[in-house]
Amino acid sequence: MSKIRVLADHVANQIAAGEVVERPASVAKELVENSIDAGATRITIEIEAGGRRLLKISDDGEGMVRDDAVLAFERHATSKIRVSEDLAAIGTLGFRGEALASIASVAKVELTTSTEGAASATRVTIDGGRMRDVKDAAHPRGTTIAVRDLFFNVPARRKFLRSEATETFHLTNLVTHYALAHPEIAFTFVNNGREVVRAAPAKDLRERAYQIFGADFLENLLEVNGGHGEVARVTGFVSAPRDRRTSRDSQYLFVNRRFVRDRMIGRSLSEGYRSILPHGVYPAALLFIETPLDEVDVNVHPAKTEVRFRRQAAVADAVREAVKNALASAAYAPSPQEQRAMPAYVNMPYVPPPPPEPQTRIEYQYQPPSGDEIARDVAAMLEQKAFVPSAVPPVPSAEKFTREVEPEKLSSNIRPLGQLDESFIIATDEQGLLLIDQHVAHERVLFDKYRALEAARQTDSQQLLVPETFDLTPAQAAVFDNLVPELENYGFELMRLSGRTVAINATPADLPAGEARNMLAELLDTVDAEKKDSARETLRDEIAASLACHAAIKVNMPLGQEKMRWLIDRLLQTSSPTTCPHGRPVILRLTRRDILKGFHRI
Ligand code: ADP
Ligand code: MG
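Please read all numbers here as calculations on a predicted model, not as lab measurements.

A. Layout of the packing of helix H13 (residues 438-455) against helix H17 (residues 561-572). Axis separation between H13 and H17 bottoms out at 9 Å; the angle between their running directions is 50°. Classified by the interaxial angle, the pair formed by H13 and H17 is oblique. In this structure, H13 meets H17 at a crossing whose hand is left-handed. Contacts between H13 and H17 involve Gln438, Ala441, His442, Arg444 and Val445 from the former and Trp566, Leu567, Arg570 and Leu571 from the latter. Each residue belonging to the contact of H13 with H17 can be placed in one class, and the counts come to five nonpolar, two polar and two charged.

B. Representation of the sheet that holds strand S7 (residues 186-191) in the model. Read across the open sheet, the eight strands follow the order S5-S4-S3-S6-S2-S1-S7-S8; overall the sheet is mixed. Edge positions in the open sheet fall to strand S5 (130-137) and strand S8 (194-199), since each of these has one partner strand only. Mean inter-strand twist for the sheet, computed between neighbouring axes without regard to direction, equals 10°. Two elements, strand S1 (residues 42-48) and strand S2 (residues 54-59), share six bridges in a ladder whose sense is antiparallel. Looking at S2, one finds that glutamate 48 is bridged to leucine 54. Along the sheet, helix H6 (residues 164-181) contacts S1, S2 and S7; its crossing angle with S7, the most-contacted strand, is approximately 170°.

C. Looking closely at empty space enclosed by the protein. With the rule as written, the count across this model stands at one cavity of 30 Å³ or more. Approximately 40 Å³ is the volume attributed to the largest cavity. Forming the walls of the largest cavity are Tyr450, Leu453, Glu454, Gln458, Thr459, Asp460, Asn489 and Tyr490. With three residues, H13 is the largest single contributor of residues to the lining of the largest cavity. Among the residues making up the lining of the largest cavity, the classes are represented as three nonpolar, three polar and two charged.

D. Focus on the environment of glycine 128. In this structure, glycine 128 sits in the loop between strand S4 (121-127) and S5. Taking relative accessible area as the criterion, glycine 128 reaches 14% and is therefore assigned buried. On a C-alpha basis, the gap between glycine 128 and alanine 107 in space is 5.3 Å, while along the polypeptide they are 21 residues apart. With residues near it in sequence (within four places) discarded, glycine 128 still touches Ala104, Ser105, Ala107, Phe152 and Asn153.

Scoring rules and cut-offs
- Residues numbered from 1 in each chain as written.
- Chains lettered and ligands numbered in written order.
- Predicted model: local features only at pLDDT ≥ 70, side-chain atom pairs only at ≥ 80, totals over all residues.
- Heavy atoms only, no water.
- Axes fitted to C-alpha atoms, helices over the stretch in contact; angles between N-to-C directions.
- Helix = DSSP H or I, 4+ residues; strand = E, 2+ residues; numbered from the N terminus.
- Parallel < 35°, antiparallel > 145°, perpendicular 65-115°, else oblique.
- Left-handed = near helix turned anticlockwise from the far one by under 90°.
- Contact = heavy atoms within 4.5 Å.
- Nonpolar A, V, L, I, M, F, W, Y, C, P; charged D, E, K, R; others polar.
- Pairing = 2+ DSSP bridges.
- 1 Å grid on protein atoms, 1.4 Å probe; cavity = no way out; pocket = protein on both sides within 12 Å on 5 of 7 lines; lining within 4 Å.
- Points joined across faces, edges and corners; volume = space filled by probe spheres on them.
- Buried < 20%, exposed > 50% of the residue type's maximum accessible area, 1.4 Å probe, protein only.

In structure tokens form, the structure reads like this:
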């Protein structure tokens, strides 16, 4: 007997739903994209219970006539492409014709829609892929689609949904993305009856970013305007180097106004900041990449969040250069032209000349050479490649001898000698030489202190004379309430004023008042919303680590003998003196034995 069957439509749709409908935010994504494709100028998103109970999207787009409203729920039903050649140049956000069919197969859906001047609107009701009803209704031009009880008929999928707060966070993030990509469209976002975002049509991205993120965020942004039309135009904003994030969460990337998660773009963006931002620190960015439609394939991922560029490397170059230029014009880095103009020796390591020996000192009258003379000399030396066996022989590096210190090998007899670059303490112990990173050492001390206070439920806070206020972004607002009790255990006193404004009344001891705001913003941006219910301990560690990082002494800070002593003593009393709360080494060692070996004495 034959064993192969063609699957029934509703089964095929549920399978497709597995790829398209991952969570409430992916449903909202498809529906908002449909509204944008329908030419809407106003989109309202309402959610209840993190989008599981209700997701309702209304628009004033072109709407559908009755036949189309019914057909729209068929698999592979689309008005956006007709023939396979159309796939080569997709100008709409949707084109696969499977979103509505997939969503309707795993939820209870009610779609009401009307075209301009139609005698009446149409309402289509579908439950779990079964068409229940099609009838006349009242609705102005446009479409409202209500999706209730997501995954009501697929318990296995329902189990994978996260907490309401997590799903709301993802939805907020999504609305933020689309609102940024389409400043001309008015967006309203209502969560459990509370209006979280109301953005009137804006004239440009800057105005929209102001509506969503507030003035503070905008102040730190540099405008990006680069690339070229043939491969990729790159526009938008990136943050100034002083604004640092520890995750990529504040990077909003778009390709042809489609919100994407693209590693290559993220990497090129970071490359633009190379040598300006340290490793593991990320800029905030709103980057729009516009390419000719046939330069990009959007049909690589069912949820269309990944794209493939025909000329990947050229796009990467365009992004990197555009970001570099933006930083250069804000005087944060030499422009590429300036960099090219610099002679090669500026990139060579600087080795100071040996001091002249007293008995051989030559007296001479120093005449500084003129600019022309220097240029001529440099040209001549380059000609002879004189820099390559360069004048000063290289000093052997001790890199291969330095090692991380194991805690049990640490003695209590550490003597600080001084600082290197006002950032690293140079010290000795019985075994040789030690280098201590002063920032991470202090971080470790404070982390242990904060954790101990928190565990003992003893807060140690300082009241601010004048409470600091700041505005949360919608995404931050979504996690804020959840985080407040935890933050209060650490000594914060926070108050939600109207809307998304928050007041800081008190901060944990040791945390400079000026750092509190940055620390909170960073934490709200990076804290993993997924962890909120289960791993509270991890969350507490994250808060303590973030507090410690912001309160700790910085690099480039001169420390006197006493301060260095104090820091080393405290460090030795911590739970783990050799690693910082983020897992980086605190101390490097060069043993006496390795020093002797390095000098060929043994
Ligand atoms: P796709 O967007 O890939 O075409 P969908 O399943 O999302 O497929 O939608 C099917 C069709 O329904 C669309 O091609 C469009 O013609 C119509 N449609 C869906 N949503 C709307 C809307 N909000 N306004 C007008 N037409 C819509
Ligand atoms: Mg669609």
